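Analysis of the macromolecular model
In case you want the letters, here they are:
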Amino acid sequence: MITHLPVLLREVMEILEPERGGVYVDATAGLGGHSLEILRRMGPKGLLVGIDRDEEALKVARAALASEKEKEGFASLSFELRHARFSELDSVLDGLGISNIDGVLFDLGVSMLQLKGADRGFSFNSDEPLDMRMDKKNLSLTASDVLETYSEADLRRIFSEYGEERYAGRIARQIVFLRRKGSPVRSGRELARVALSAYHGGGREKIHPATRIFQALRIEVNRELEELKAGLEISLRRLSKGGRIAAISYHSLEDRIVKHFLKDAAREGKLLLLSKKPVRPDLRETRENPAARSAKLRGAERL
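Summary of the structure given here. Everything numeric in this text was worked out from a predicted model, so none of it was measured.

Looking at the overall build of the protein chain
In terms of helices and strands, the protein chain carries 13 helices and seven strands. The C-alpha radius of gyration computed for the protein chain amounts to 20 Å, which stays within 12% of the reference 19 Å derived for 303 residues, consistent with globular compactness. Taking the principal axes of the C-alpha coordinates as reference, the protein chain spans close to 65 × 45 × 40 Å. Residues counted as buried form 53% of the 303 residues belonging to the protein chain. When contacts within the protein chain are restricted to residue pairs at least 6 apart in sequence, long-range pairs at least 24 apart make up 71% of them. For the protein chain, the exposed area adds up to about 14,800 Å²; of that, 48% sits on carbon and sulfur atoms. Computed over 52 positive and 46 negative side-chain charges, the separation of the two mean positions in the protein chain equals 5 Å.

Overview of the side chain of R298
Within the element layout of this structure, R298 appears in strand 7 (residues 296–302). A distance of 2.7 Å separates a polar atom in the side chain of R298 from a polar atom in the side chain of D255. Dropping the residues within four chain positions of it, R298 is found in contact with I15, I245, A246, A247, D255, V258, K259, L262, K276, K277 and P278.

Regarding the pattern of salt bridges
One pass over the structure, following the stated rule, counts 25 salt bridges. Two residues, E224 and R218, come together in a salt bridge whose shortest N-O distance is 2.7 Å. Put simply, D90, D94, R237 and R238 are held in one network by salt bridges that share partners.

Concerning the packing of aromatic side chains
Both the distance between ring centres and the angle between the ring planes are used here to describe each pair of aromatic rings. Counted according to the given criterion, the structure contains two aromatic pairs. Centroid distance F86 to F106: 5.0 Å. Interplanar angle 85 degrees. Geometry classified as edge-to-face. Pair noted here: F86 is in the loop between strand 3 (79–83) and helix 4 (89–95) and F106 is in strand 4 (residues 101–107), with a separation of 20 residues, a long-range link. Each member of the pair, F86 as well as F106, carries the same accessibility label: buried. Relative to Y199, the ring of Y167 has its centre 4.7 Å away and its plane inclined at 80 degrees; by these criteria the two rings are edge-to-face. With Y167 in the loop between helix 7 (152–161) and helix 8 (168–180) and Y199 in the loop between helix 9 (188–197) and helix 10 (210–222), this pair connects stretches of sequence that are 32 residues apart. Of the two residues, Y167 and Y199, both sit in the buried class. Between R170 and the ring centre of Y167, over which it is positioned, the NZ or CZ distance is 4.1 Å.

Side note on the pairing of strand 5 (residues 239–249)
Among the eleven residues in strand 5, nine count as buried, and that is most of the element. Taken together, the six bridges between strand 4 and strand 5 define a ladder with parallel strand orientation. Residue pairing across strands places V104 opposite I245, the latter belonging to strand 5. In the sheet, strand 5 pairs with strand 7 via six bridges, with the strands oriented antiparallel. Within strand 7, the residue paired with A247 across the bridge is R298.

A few points about helix 3 (residues 55–69)
Residues that lie three or four places apart on an α-helix share one face, since the helix turns once every 3.6 residues. Taking 1.5 Å per residue as the helical rise, helix 3 with its 15 residues ought to reach 21 Å, and the 21 Å between its terminal C-alpha atoms agrees with that figure. Backbone nitrogen of E56 and a side-chain oxygen of the N-cap are separated by 2.9 Å at the start of helix 3; the cap is D54.

Details of the pairing of strand 7
Across the seven residues that make up strand 7, a large majority, six, are buried. The sheet contact formed by strand 6 (residues 271–273) and strand 7 spans three bridges and is antiparallel. Residue pairing in the sheet places L271 in a bridge with R302 of strand 7.

Overview of the sheet that holds strand 1 (residues 23–26)
The seven strands lie next to each other as 3-2-1-4-5-7-6, forming an open sheet whose pairing is mixed. Looking along the sheet, the strands with just one partner apiece sit at the ends: strand 3 and strand 6. The average undirected angle you get between the axes of adjacent strands in this sheet is 15 degrees. Relative to strand 2 (residues 47–52), strand 1 runs parallel, the two sharing four bridges. The residue bridging Y24 from the neighbouring strand is L48, located in strand 2. Contacts from helix 1 (residues 9–16) reach strand 1, strand 4, strand 5 and strand 7, with the element oriented near 160 degrees to strand 5. Helix 3 contacts strand 2 and strand 3 of the sheet and is inclined by roughly 170 degrees relative to strand 3.

Definitions and limits used
- Counting of residues starts from 1 at the beginning of each chain's written sequence and follows it residue by residue.
- Local features are withheld for residues below a pLDDT of 70 in this predicted model, meaning they are given only at 70 or higher, and side-chain atom pairs are given and counted only at 80 or more; totals for whole chains, interfaces and linings count all residues.
- No hydrogens and no water enter the side-chain calculation; it runs on all heavy atoms of the structure.
- Comment: elements are numbered from the N terminus, with helices defined as DSSP H or I runs of at least four residues and strands as E runs of at least two.
- In this description the radius of gyration comes from C-alpha coordinates, and the expected globular size is given by 2.2 Å times residues to the power 0.38.
- Think of it in three bands: residues with accessible area under 20% of the maximum for their type are buried, residues over 50% are exposed, and the middle band is partly exposed, with areas taken using a 1.4 Å probe on protein chains only.
- Residue contacts are defined here by distance: any two heavy atoms, one from each residue, within 4.5 Å place the two residues in contact.
- What sets the accessible areas is the Shrake-Rupley method with a 1.4 Å probe; for residues, cover comes only from the shown protein chains.
- Here Asp and Glu are counted as negative and Lys and Arg as positive; His is not counted, and neither are the chain ends.
- For charged residues, the charge sits on one atom: NZ in Lys, CZ in Arg, CG in Asp, CD in Glu.
- Between N or O atoms, a polar contact is any pair within 3.5 Å; within protein, one atom must be a potential hydrogen donor and the other a potential acceptor, and residues adjacent in sequence are included only when both atoms are from side chains.
- Every case where a carboxyl oxygen of Asp or Glu lies within 4 Å of a side-chain nitrogen of Lys or Arg is listed as a salt bridge.
- Between 30 and 60 degrees the pair is tilted, below 30 it is stacked and above 60 it is edge-to-face, where a pair is any two Phe, Tyr or Trp rings, Trp via its six-membered ring, whose centres lie within 6.5 Å.
- For a lysine, the NZ atom is tested; for an arginine, the CZ atom; a charge sits over a ring if that atom is within 6 Å of the ring centre and within 35 degrees of the ring normal.
- We call two strands paired when DSSP finds no fewer than two bridges between them.
- For a helix, the expected span equals 1.5 Å multiplied by the number of residues minus one.
- To obtain an axis, a line is fitted to C-alpha atoms, over the contacting stretch when the element is a helix, and the angle between two such axes runs from 0 to 180 degrees between their N-to-C directions.

In structure tokens:
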């Protein structure tokens, strides 16, 4: 069983301020950690709408929320979970007859369920095929497909843009070389070795050299940045006056999109920024949950 510690839980609740009787969206229901706390604070008259593109994660969230309803005094808690992407939030809300929401949370990045899943291909310690699809039903392109079909120039581009990898050219060149030799890179462990070889003599790194390459592939396969932009735009349209948006990002590309979106909306008089700088986890949280160490939380209120 995977232990789930929701990141920046107290700080997220301080930004969202879930009210009794409100309608709140957890756009990354994941394993249900943030959803549970929102649901508890809203009480029986509120409605939580949770979406996730990963059906396996959604099953875990559904079980966690259902278990909460079984507790004494919580039977009337109301929630709806849907298998959907950020860009499908409009259709989910329309299907539920909801026009406006009081708050929305985005907890971006990859979950522990995906990283630990034996057949998911998200880990560079695995000999399983490189998959990396968060939604296996609606996405056909896998990370292996990218490595086996993209040109050297395209691989270099996504490693550089989405992974901000300084040795993007070296790594792309080696992948294509191995492919032409009839030994394509197909597993996480193989890809990690290729990435590590590019750093020979390049000094010590704070993170494993493969981290940025895996990030780039994951973003490409799942179209994560396009989905994030769509989700933020829909959320802004749907927020009621005084409604709040909170977003946790884990790398600079996501944070940059969230930061500029909120700042632009604030300049247009649509949002009020709740802090000038992102909220970061404290030392205690990063010790208890190392996955939180790179988290940045930003929030804003609808004007």
